[in-house]
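Listed below are the residues making up each chain.
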Amino acid sequence: MRPLYLLLKFLLKITLWIYYPRFKNVNKPKKRFARTIYMSNHASSFMDPLVIAGTQRPIIFFMTRSDIFTPLMRPILWAAHMFPIYRKQDGVDTKEKNEAIFKKCGRILKYGRSLLIFSEGFTDDVFIRRLKPIKKGAVRMGFMALEDDDWRQKIFIQAVGANYSDPKVLGSDCLISNGVPVCLNDFKVEYEDDPNKTIHELTLRMEQEMRDQITDVRNMDMAPFHEHIMRITRKGMNAIDTDFSIPLLDRWKYSKRLATWFNETKIESNQELLSLKKRLENYFETLKENGVEETPLYKVTTNQRSKAKDIIYLVGLFPIVLIGLALNYLPYILIKRFVENTMKREVFWSSVKMLVGAAAVGIYNFILILIFAKIFSLSFLALLFAGLFIVPLSAVVTINWNKTLKLHRKMNKVARTDLSHISIERDALLKEIKKLVPVA
């Protein structure tokens, strides 16, 4: 294990705790030397390897697009266990270069390490809860490694699902689900008899295994309908409109059950469901037109808020928020503006802001501690150790405080406005959902 990889795993535990405070790992692998090819969906670009490799026990190497391997970045990416994968648009002999990478991957597996491969090959620009068609490269790579090793050691493939309430929303949910490992050695006879058929059939099997680990809405046109039901029932994995008192695992299972029902139901030929779909679209559009959001409306109209508690919380934690702003705000806002102004694809923003922001906050506070220790003649190491706890803790408190303040203001607006007609429609929609959607 390279030192930078070990350091990154440690730092990621802190940054991921801040970014995804509600995190769950299902069927977490126990072996550090697993000799496994993990086949994952690719829901959120560079965020996916961070949450999977950063939270799983096995030592993992993974491949990423070759164009980021600049002379400056190459040593850092190498130390972080990344390999370049070459595409046709890179303007090189992709077959020859990728063959060399595949051989390196074979050696990694031979010595007990593992690989993480995003078998879909690309990320949607807009986050959608689905699995795109997967490629055969992971299975083929596993058999190539076995052939190079004369089938002496066992090599496994395993499905992994990265599930987010919304990967762009700071403070939202993340759940990693791991399938059952499949030993490629068990398919030696079939592979030697017909390699292409065996790779094809095993890829199809793994595609289904991957679907089982995520919320998979097969019809993209129905994805907003699925999301609207989760938002109004508050049982699923929406980042904002959710009952967070329900355990994350239960909300994930609900989201999957709902998606399965969508996939098995012929909604396009059911006029009642199409009418419900349209009414939900109109409901959320009406909220938008009135400058109101679902959660504030729900909390006020169902008496789920306590104004006094909110005020006590906001006043009581304000001193800690001032500390959090002093330690985190300047590097955070600079990195946020830099990333959003320089990166065209929004799908990269969350992961880059998280990684680069964490580094910027670390460097910024290292300098602050150094200055503070020198001015007041205090122990630099003692302050540094204290900073490892104070900086991230104050950041979490500040994030939650800010969310509470915004929600408090939005609920005040709802309380001052006559929204009874919207509230009545909300109740009617819930009754209709209960009638037409058996899993809701």
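The structure displayed is predicted, hence computed values, not measured ones.

Rules and cut-offs
Residues numbered from 1 in each chain as written. Predicted model: local features only at pLDDT ≥ 70, side-chain atom pairs only at ≥ 80, totals over all residues. Heavy atoms only, no water. 1 Å grid on protein atoms, 1.4 Å probe; cavity = no way out; pocket = protein on both sides within 12 Å on 5 of 7 lines; lining within 4 Å. Points joined across faces, edges and corners; volume = space filled by probe spheres on them. Nonpolar A, V, L, I, M, F, W, Y, C, P; charged D, E, K, R; others polar. Helix = DSSP H or I, 4+ residues; strand = E, 2+ residues; numbered from the N terminus. Polar contact = N/O pair within 3.5 Å; in protein donor to acceptor, adjacent residues only side chain to side chain. Contact = heavy atoms within 4.5 Å. Buried < 20%, exposed > 50% of the residue type's maximum accessible area, 1.4 Å probe, protein only. Pairing = 2+ DSSP bridges. Patch = residues over 30% accessible without salt bridge, like charges linked within 9 Å, V, L, I, M, F, W, Y side chains within 5 Å. Areas by Shrake-Rupley, 256 points an atom, 1.4 Å probe, with all protein chains shown as cover. Salt bridge = Lys/Arg side-chain N within 4 Å of Asp/Glu carboxyl O. Axes fitted to C-alpha atoms, helices over the stretch in contact; angles between N-to-C directions. Parallel < 35°, antiparallel > 145°, perpendicular 65-115°, else oblique. Left-handed = near helix turned anticlockwise from the far one by under 90°.

The computed volume of the second largest pocket comes to approximately 360 Å³. Of the residues in the lining of the second largest pocket, the class split is nine nonpolar, four polar and four charged.

Inspection of the entire model under this criterion finds two cavities of 30 Å³ or more. Volume-wise, the largest cavity comes out at about 100 Å³. Looking at the largest cavity, it is lined by 13 residues, and the ones nearest its centre are Arg-129, Ala-162, Asn-163, Ile-214 and Thr-215. Element by element, the count of residues in the lining of the largest cavity is highest for strand 6 (residues 156-164), at three residues. Split by residue class, the lining of the largest cavity holds seven nonpolar, four polar and two charged. If you add up the space inside the second largest cavity, you get close to 70 Å³.

Moving on: the side chain of Arg-426. Here Arg-426 is to be found in helix 16 (residues 420-436). Within polar-contact distance, the side chain of Arg-426 engages the backbone oxygen of Ile-232 at 3.2 Å. In this structure, Arg-426 is in contact with Ile-232, Arg-234, Tyr-283, Glu-294, Leu-297 and Tyr-298, ignoring residues within four places of it in sequence.

For the rest of this paragraph, the subject is the pairing of strand 3 (residues 60-65). Of all six residues making up strand 3, five are buried, and the element is well covered by its neighbours. Note: strand 3 against strand 5 (residues 114-118), three bridges, orientation parallel. Bridge pairing in strand 5 places Phe-62 opposite Leu-116. Strand direction decides the pairing type here: strand 3 and strand 4 (residues 82-85), joined by four bridges, are parallel. Each residue of the ladder has a partner; that of Thr-64, found in strand 4, is Pro-84.

Turning our attention to a nonpolar patch on the surface. Side chains of Ile-363, Phe-366, Ile-367, Leu-370, Ile-371, Phe-372, Ile-375, Phe-376 and Leu-378 sit close together on the surface and give an oily, nonpolar patch of about 880 Å² of accessible area. You can see Phe-372 is positioned in helix 14 (residues 349-376).

Here the focus is the packing of helix 11 (residues 294-301) against helix 15 (residues 380-416). Contact pair helix 11 / helix 15: the axes reach a minimum separation of 9 Å and the direction vectors enclose 60 degrees. With respect to each other, helix 11 and helix 15 are oriented oblique. Seen along the crossing, helix 11 lies across helix 15 with a hand that is right-handed. Taking contact as the criterion, the partners of Thr-295, Pro-296, Leu-297, Lys-299 and Val-300 in helix 11 are, on helix 15, Leu-407, Lys-410, Met-411, Val-414 and Ala-415. Across the contact of helix 11 with helix 15, the residue classes break down as seven nonpolar, one polar and two charged.

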